[in-house]
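Examination of the molecular architecture
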4 protein chains.
Amino acid sequence: MGPKESNWILVAQCPSRLGTVDVVTRFLKESRCYITEQHSFDDRQGGGFFIRTEFRPEAEGFDRVAFEAGFAERAAEFDMTFELTAPGTRMPVVIMVSRADHCLNDLLYRYRIGQLPIDICAIVSNHPDLASLAEWHGIAYHHFPITPESKAEQEAKVWVVVEETGAELVILARYMRVLSSEMCERLSGRAINIHHSLLPGFKGAKPYHQAYDKGVKLVGATAHYINDDLDEGPIITQGVESVSHTDYPEDLVAKGRDIECLTLARAVALHVERRVFLHASRTVVFDR
Amino acid sequence: MGPKESNWILVAQCPSRLGTVDVVTRFLKESRCYITEQHSFDDRQGGGFFIRTEFRPEAEGFDRVAFEAGFAERAAEFDMTFELTAPGTRMPVVIMVSRADHCLNDLLYRYRIGQLPIDICAIVSNHPDLASLAEWHGIAYHHFPITPESKAEQEAKVWVVVEETGAELVILARYMRVLSSEMCERLSGRAINIHHSLLPGFKGAKPYHQAYDKGVKLVGATAHYINDDLDEGPIITQGVESVSHTDYPEDLVAKGRDIECLTLARAVALHVERRVFLHASRTVVFDR
Amino acid sequence: MGPKESNWILVAQCPSRLGTVDVVTRFLKESRCYITEQHSFDDRQGGGFFIRTEFRPEAEGFDRVAFEAGFAERAAEFDMTFELTAPGTRMPVVIMVSRADHCLNDLLYRYRIGQLPIDICAIVSNHPDLASLAEWHGIAYHHFPITPESKAEQEAKVWVVVEETGAELVILARYMRVLSSEMCERLSGRAINIHHSLLPGFKGAKPYHQAYDKGVKLVGATAHYINDDLDEGPIITQGVESVSHTDYPEDLVAKGRDIECLTLARAVALHVERRVFLHASRTVVFDR
Amino acid sequence: MGPKESNWILVAQCPSRLGTVDVVTRFLKESRCYITEQHSFDDRQGGGFFIRTEFRPEAEGFDRVAFEAGFAERAAEFDMTFELTAPGTRMPVVIMVSRADHCLNDLLYRYRIGQLPIDICAIVSNHPDLASLAEWHGIAYHHFPITPESKAEQEAKVWVVVEETGAELVILARYMRVLSSEMCERLSGRAINIHHSLLPGFKGAKPYHQAYDKGVKLVGATAHYINDDLDEGPIITQGVESVSHTDYPEDLVAKGRDIECLTLARAVALHVERRVFLHASRTVVFDR
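Conventions used here
Counting restarts for each chain: residues are numbered from 1 in the order of the written sequence. By the order in which they are written, chains take letters starting at A while ligands take numbers starting at 1. Local features are withheld for residues below a pLDDT of 70 in this predicted model, meaning they are given only at 70 or higher, and side-chain atom pairs are given and counted only at 80 or more; totals for whole chains, interfaces and linings count all residues. Note that the side-chain values use all heavy atoms of the structure and ignore hydrogens as well as water. Put simply, DSSP H or I for four residues or longer makes a helix, DSSP E for two residues or longer makes a strand, and each gets a number counted from the N terminus. For a compact globule the rule gives 2.2 Å times the number of residues to the power 0.38, and the radius of gyration it is set against comes from C-alpha atoms. Here's how the labels work: a residue is buried when its accessible area is under 20% of the maximum for its type, exposed when over 50%, partly exposed in between, all with a 1.4 Å probe on protein chains only. Throughout, a contact is declared for two residues whenever any of their heavy atoms are within 4.5 Å. Accessible surface area values rest on a Shrake-Rupley calculation with a 1.4 Å probe, where residue burial reflects the displayed protein chains alone. We count Lys and Arg on the positive side and Asp and Glu on the negative side, and we leave His and both chain ends out. Note that the charge is assigned to NZ on lysines, CZ on arginines, CG on aspartates and CD on glutamates. What counts as a disulfide here is a pair of cysteine sulfur atoms lying within 2.5 Å. For this analysis, a ring pair means two rings from Phe, Tyr or Trp (six-membered ring only for Trp) whose centres lie within 6.5 Å, classed as stacked if their planes differ by under 30 degrees, edge-to-face if by over 60, and tilted for the remaining angles. Here the quantity called buried area is the total loss of accessible area, with a 1.4 Å probe, experienced by two parts when brought into contact, counted for both. Throughout this description, the term salt bridge denotes a Lys or Arg side-chain nitrogen within 4 Å of a carboxyl oxygen of Asp or Glu. We call two N or O atoms a polar contact when they sit within 3.5 Å, provided that within protein one can donate a hydrogen and the other can accept it, with sequence-adjacent residues counted only if both atoms are side-chain atoms. Alignment of the copies relies on least squares applied to C-alpha atoms, considering only residues that score at least 70 for pLDDT in both. The classification used treats Ala, Val, Leu, Ile, Met, Phe, Trp, Tyr, Cys and Pro as nonpolar, Asp, Glu, Lys and Arg as charged, and all other residues, Gly among them, as polar. Only strands that DSSP links by at least two bridges are regarded as paired with each other. Note on method: axes are straight lines fitted to C-alpha atoms, helices fitted across the in-contact stretch only, with angles between N-to-C directions ranging 0 to 180 degrees. Roughly parallel covers angles under 35 degrees, roughly antiparallel covers those over 145, roughly perpendicular covers 65 to 115, and oblique covers all other angles. Note on convention: near helix rotated counterclockwise from far helix by under a right angle means a left-handed crossing. Clockwise means right-handed. Here the bounds of each domain stem from an automatic or database domain assignment.

Counting its regular elements, chain A contains 8 helices and 13 strands. Since a compact globule built from 288 residues should have a radius of gyration of about 19 Å, the 20 Å found for chain A is in line with a globular shape. Taken along its principal axes, the extent of the C-alpha atoms in chain A is 60 × 40 × 35 Å. Counting only residues that meet the buried cut, chain A has 60% of its 288 residues in that class. Long-range contacts, defined here as pairs at least 24 residues apart, represent 67% of the contacts in chain A between residues at least 6 apart. For chain A, the exposed area adds up to about 10,700 Å²; of that, 49% sits on carbon and sulfur atoms. With 31 positive and 41 negative side-chain charges, chain A shows a separation of 4 Å between the mean positions of the two kinds.

Structure below.
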């Protein structure tokens, strides 16, 4: 459940090659960093190396700048990109919603009790409905209505919020509008959407009604990074729930709420704990 | 797990109307039948009434013929169809397979220990591979090869087996050939197929490879009645299993075996215990 | 998900005997009540008959008093107790908590969006911590501190709240004090507790720490009616979650929250929808 | 699903200390071994370091003896024990059974299709019942009856089989006799038992009957290493299944079979793939 308080996280990825693990672990050893957990994977099919390490410095006075500079040199030989995260880091986040508030409510609760290492900087909606919920939690709420004509303008406003808050992640917590290709591009790899079906089944609108018509015995939810192909971005987590003939479409909507909340919250936790790597149209997830 | 040894099962269905439950339960009472479990459902959206009752006659010398004749009269008023199943009835079954034997092996085991109230009359395959497995269980094995040209002829042979054994159910336990529309028509409502994906996702060939390419985090299986629209018949059961980036397509194939076996076995159990009702393109399942 | 808006619910139970279903369904027919769903069970081992019916009156002007009087007469012959619940009934509820707020927060959310047909009349706690949460939802919050000496007195105050609000159900949503035998007696069959383990494993204090020490690979939660034998009352629902060697006790505490919330909420839903019957030390649950 | 064909596995463990990962990965780099997957864990509470690496030699002519000798020198500094497993290694196994054959049947199937990298050298039973099943699979079956007086003698015979076959793992696949302390000692860390309950709930005899009496809503199974404290050895895997009031004890027995098979098979797979580490009374499991 989240990195331990005193742990740093180092994640890195690069093309497949001999010595990729060693270049990371040797540097950590030389820097007197104590590794508490490590996971690496080398994809033999798609190619690509991925590693995640939690560690704590043994020596006092760990110098982050020196560490990053030193490691950058070694990593360069492997065309390795990396990211270092300090203990207690909270990722700045913007949440986008429409009218349904279950996912928002769930994220706000986890945020309030400190279960998710995020800072919710702002909530953006195309509807005014959820303003009071935001207010109780002391979070700025921006109501940016949207019409077919005003979409570009509205997205520009959203973008200003993202930029001004320095948000590193945008969570689409049942935001019911399709983002423009341009917006998807800008948010590539840092916007997570929850879709209320087990993708690739039931893309698009009203998936629970589609599921009812089809007579499925399981419904589900999918959290994925957005891209400009609707409901097609790389999948992070999926959840599932049993249903029966007694469940009418509105019952599926109600039943699905729990699994949507859990699936999205888990995806966000995995992302902010740096457990997810984008890998073409798929993800590598070092789950716990 | 299955009706109790001494219990009869009465199932019935008819168009929605006032008094449908009463017509069943009143007759059972008058016939001095002791109801141990009963489940009914009236579909307010699609219309239709469904009921399943387990009972044991209180009086000695229960007269099945008289019971059926008596009830038929009452049922007629409601356009109600019904079926009565005696305690200890074992449904005659034909199993169709190709080369993969996991579902067959699983069904044979459950059959051997008496967990499924079926009689496996014959196993039919388009390949010779699984003959020895059938032999060990003492079951007739028919190898009917198939080519594009011989399909009609091969299906005719299969049909002879079904007719001669008096099979009431055909189980497609990973039979990898598409049945003709004519065959589907003949087996309507009494042929169950296992498809190795969570339908409607990944229809058609090689669903695990499709799942790998898509990068899903859950794979599954779907047991359904066949109809002449491939992988589209009414769903009975679905099962699911977690997968990760470390699972290559061949790993998904291996992982999926368990969930395919369980999903198919459960569908067969539900069917032979008369817990499944066909209802247009959907099913009503009185699960336990 | 819950009885449909326009449906009445009739539940009944009595000793096992021929004709128990008929006495219910015949009366419903005679009263021109249209049954939409019905489930009955007769326990051949412990003895006892249980039935739950959802119906809507066909005729206008359904007379509840006449219905109850009429049915009481029939039921008396079978020593049958019964309860009739009108459409849209919301059960008055008191929630007891201590400091942990995850179950309370979850119940309040479901209450706020109308997913649980309850009226939360009051929240009672031995700590002041959760007063503002209650306040935001507009619900009375009673802080009744407790010391070893003041327990009887504190429980008397709680009892006054239960009586004055007319609460039909008390939910112990992580209330961390043991109730006296007297209080358990008074609340028999109408107080649901959530225990954070898979009972009968890990009774008593700090079950997640016990689970860590034991090295289990699954943790769970159990919702049960209270009785005066601690953590031993009849079980309604149980839920479960995977854990691993990387989960320290505090991680189990965090991971367990979701499953506690879901398990308790499901038990409350089943209870208020009249799907649960007490049957000696066990329960009969007509789940959906 | 199992190590890839061409991969070696190196596992190691030692007391917690700075540099434990580096000593492994540096040596692999120097030996020109390409790491495809690696997982390490350092237990901050109990102390102890654990690592598992899958790799393939880059250079031709990998010299196992030289590798082991070289690594032994490095490992000695860290009091590190290790084990190297060649690609395609199949662990020699003895299975012990009584009368119930579901777990045996399941293991034999997985063995037959090559899903489990084991060699079943012999099956030992205190009953003759399952001899023909063994025979069909071409495996030696030893019927060693047991009486209170002959227990020591019988165990001696079992031990001879274990020694003569060179079995590295003994699987108690529903063997219904308690092993002596001496036998437990001899098999420490290399005998896996399946118990048909969610330990620590329902230890000892007839756990499904205990579960019925308690009225639980979930039953389960636990696979664990044996030790001389009955049903108390370190847990490897646990599985769970929903049950209801309609399930009498014999139904729980029937329902439990599937989850017992799956839970045991998964534990065996994890063990033979060297994914399980004993750590005092607990296990570290690098699951997939």
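To continue, consider the state of the cysteines. Going through the model one piece at a time under the given rule, you end up with 0 disulfides over all chains. Distance from the sulfur of C14 of chain A, which forms no disulfide, to the nearest cysteine sulfur (C33 of chain D) is 18 Å. On the accessibility criterion, C14 of chain A (7% relative accessible area) is buried. C121 of chain B takes part in no disulfide bond, and the closest cysteine sulfur, belonging to C103 of chain B, lies 19 Å away.

Our next topic: the packing of aromatic side chains. All names here are of chain A. Applying the stated rule across the entire model yields 46 aromatic pairs over all chains. Pairing F27 with F67 gives two aromatic rings, centres 5.0 Å apart and planes at 70°, and the pair type is edge-to-face. Placement of F27 in helix α1 (residues 20-30) and of F67 in helix α2 (residues 64-76) is noted, with a sequence separation of 40 residues between them. Since its relative accessible area comes to 9%, F27 is described here as buried. For F67, a relative accessible area of 4% gives the class buried. Ring centres of F277 and F286 lie 5.5 Å apart, and the angle between their planes is 70°; on these two criteria the pair is classed as edge-to-face.

Attention now goes to the interface of chain A and chain B. Each side of the interface is counted separately: chain A has 37 residues, and chain B has 37 residues. Both sides of the chain A and chain B interface together cover about 3,100 Å² of buried area, and 55% of this is carbon and sulfur. It is K214, H245 and R282 of chain A in chain A that bury the most area against chain B; as a group they hold 24% of the surface buried on that side. Our enumeration of links across chain A and chain B arrives at 4 salt bridges. When the shortest N-O distance is used, the salt bridge between R44 of chain B and E250 of chain A registers 2.5 Å. At the junction of chain A with chain B, the criterion picks out 18 residue pairs in polar contact (both at pLDDT 80 or more).

A few words now on the relation of the copies chain A and chain B. With an axial shift of 0.0 Å and an RMSD of 0.0 Å, the rotation relating chain A to chain B amounts to 180°. Taken together, the turn and the small shift mark the pair as related by a two-fold rotation axis. It is G201 of chain A whose C-alpha, among those of chain A, lies nearest the rotation axis, at 2.3 Å. A shared interface surface links the copies, since 100% of the contact residues of chain A are contact residues in chain B too.

On to the interface of chain D and chain B. The partner chain B presents 24 residues to the 24 residues of chain D that form the contact. Across the interface of chain D and chain B, roughly 2,300 Å² is buried in total on both sides, 52% from carbon and sulfur atoms. Inspection of the region where chain D meets chain B yields 4 salt bridges. For the pair chain D and chain B, the number of links is 10 residue pairs in polar contact (both at pLDDT 80 or more). Contributions of two or more residues to the side of chain D that touches chain B are made by α3 (102-112), α4 (131-136) and α8 (249-272) of chain D. By residue number, the principal contributor to the side of chain D that touches chain B is α8 of chain D, which donates 6 residues. Split into classes, the residues belonging to the side of chain D that touches chain B amount to 8 nonpolar, 5 polar and 11 charged.

Here E37 of chain B is to be found in strand β2 (residues 33-42). Contact partners of E37 of chain B, with chain neighbours within four places excluded, come to R52, T53 and E54 of chain B, H39, S40 and F41 of chain C together with T246 of chain D.

Residues and elements named next belong to chain D. Mapping M96 onto the fold places it in strand β5 (residues 91-97). On the accessibility criterion, M96 (1% relative accessible area) is buried. Residues M96 and V170, spaced 74 residues apart in sequence, show a C-alpha to C-alpha distance of 7.2 Å. Among residues more than four places away in sequence, those in contact with M96 are V124, V158, V170, I171, L172, A173, Y175 and L179.

Okay, the pairing of strand β1 (residues 8-14) of chain B next. All names here are of chain B. Across the 7 residues of β1, 6 count as buried, placing the element largely inside the fold. One ladder, built from 7 bridges, connects β1 with strand β3 (residues 49-57); its direction is antiparallel. Bridging from a neighbouring strand, Q13 pairs with F50 of β3. By the bridge criterion, 5 bridges tie β1 to strand β4 (residues 81-85) in an arrangement that is antiparallel. What sits directly across from Q13, in β4, is T81.

Reading across the sheet, the 8 strands line up as β4(B)-β1(B)-β3(B)-β2(B)-β2(C)-β3(C)-β1(C)-β4(C) and stay open at both edges, with antiparallel pairing between neighbours. Edge positions in the sheet fall to β4 of chain B together with β4 (81-85) of chain C, since each of these pairs with one other strand and no more. Averaged over neighbouring strand pairs, the angle between their axes works out to 15° when direction is ignored. Sheet strands in contact with helix α2 (residues 64-76) of chain B are β1, β2, β3 and β4 of chain B, and its direction is about 160° off that of β4 of chain B.

Bringing the relation of the copies chain D and chain B into the picture now. In this structure, two copies of a chain are linked by a rotation about an axis accompanied by a shift along it. Note on the identical chains: chain D maps onto chain B by a rotation of 180° and an axial translation of 0.0 Å, with an RMSD of 0.0 Å. Both copies present the same face, since 100% of the interface residues in chain D are matched by interface residues at the equivalent positions in chain B.

This part covers the environment of I235 of chain D. The topology assignment puts I235 of chain D in strand β11 (residues 235-242). Of the residues examined, I235 of chain D reaches a relative accessible area of 1% and is grouped as buried. For I235 of chain D and A267 of chain D, which are 32 residues apart along the polypeptide, the C-alpha to C-alpha distance reads 9.2 Å. If we ignore the near neighbours within four places in the chain, the residues touching I235 of chain D are K214, G215, V216 and K217 of chain C together with L199, T222, A223, H224 and T283 of chain D.

Here we come to the packing of helix α3 (residues 102-112) of chain B against α3 of chain D. Orientation of α3 of chain B relative to α3 of chain D, taken along the N-to-C sense of each, is 160°, at an axis distance of 12 Å. As summarised for this structure, α3 of chain B and α3 of chain D are arranged roughly antiparallel, according to the angle between their axes. Pair α3 of chain B / α3 of chain D crosses with right-handed handedness. Between α3 of chain B and α3 of chain D, the residues in contact are H102, N105, Y109 and R112 of chain B and H102, N105, Y109 and R112 of chain D, respectively. When grouped by side-chain class, the residues that make up the contact of α3 of chain B with α3 of chain D number 2 nonpolar, 4 polar and 2 charged.

Residue and element names in this part refer to chain A. Domain parsing of chain A yields domain 1 (8-85) and domain 2 (91-285). Averaged C-alpha coordinates put domain 1 and domain 2 at centres separated by 31 Å. Across the contact, 14 residues belong to domain 1 and 7 residues belong to domain 2. Linking domain 1 with domain 2 are 2 salt bridges, by the criterion used here. Elements that contribute at least two residues to the side of domain 1 that touches domain 2 include exactly β1 (8-14), β3 (49-57) and β4 (81-85). Across the side of domain 1 that touches domain 2, the residue classes break down as 6 nonpolar, 4 polar and 4 charged.

Moving on, we get to the environment of L10 of chain A. All names here are of chain A. Within the fold, L10 resides in strand β1. Considering only alpha carbons, one finds L10 and Y248, 238 residues apart in sequence, at a separation of 47 Å. Here L10 is in contact with V24, I51, R52, T53, F55, F67, F71, F82, E83 and L84, once residues within four sequence places are set aside.

Moving on, we come to the sheet that holds strand β11 (residues 235-242) of chain C. Residue and element names in this part refer to chain C. In space, the 7 strands of this open sheet follow the order β7-β6-β5-β8-β9-β10-β11, with mixed pairing throughout. The sheet is open, and its two borders are formed by β7 (140-143) and β11, each paired with just one other strand. Recorded for the sheet is a direction-independent mean angle of 20° between the axes of neighbouring strands. Examined bridge by bridge, strand β5 (residues 91-97) and strand β8 (residues 169-172) share 4 bridges and lie parallel to one another. Considered in β8, the bridge of M96 is made with L172. Packed onto the sheet, helix α8 (residues 249-272) meets β5, β6 (118-125), β8, β9 (191-195), β10 (218-225) and β11 and runs at close to 150° relative to β11.

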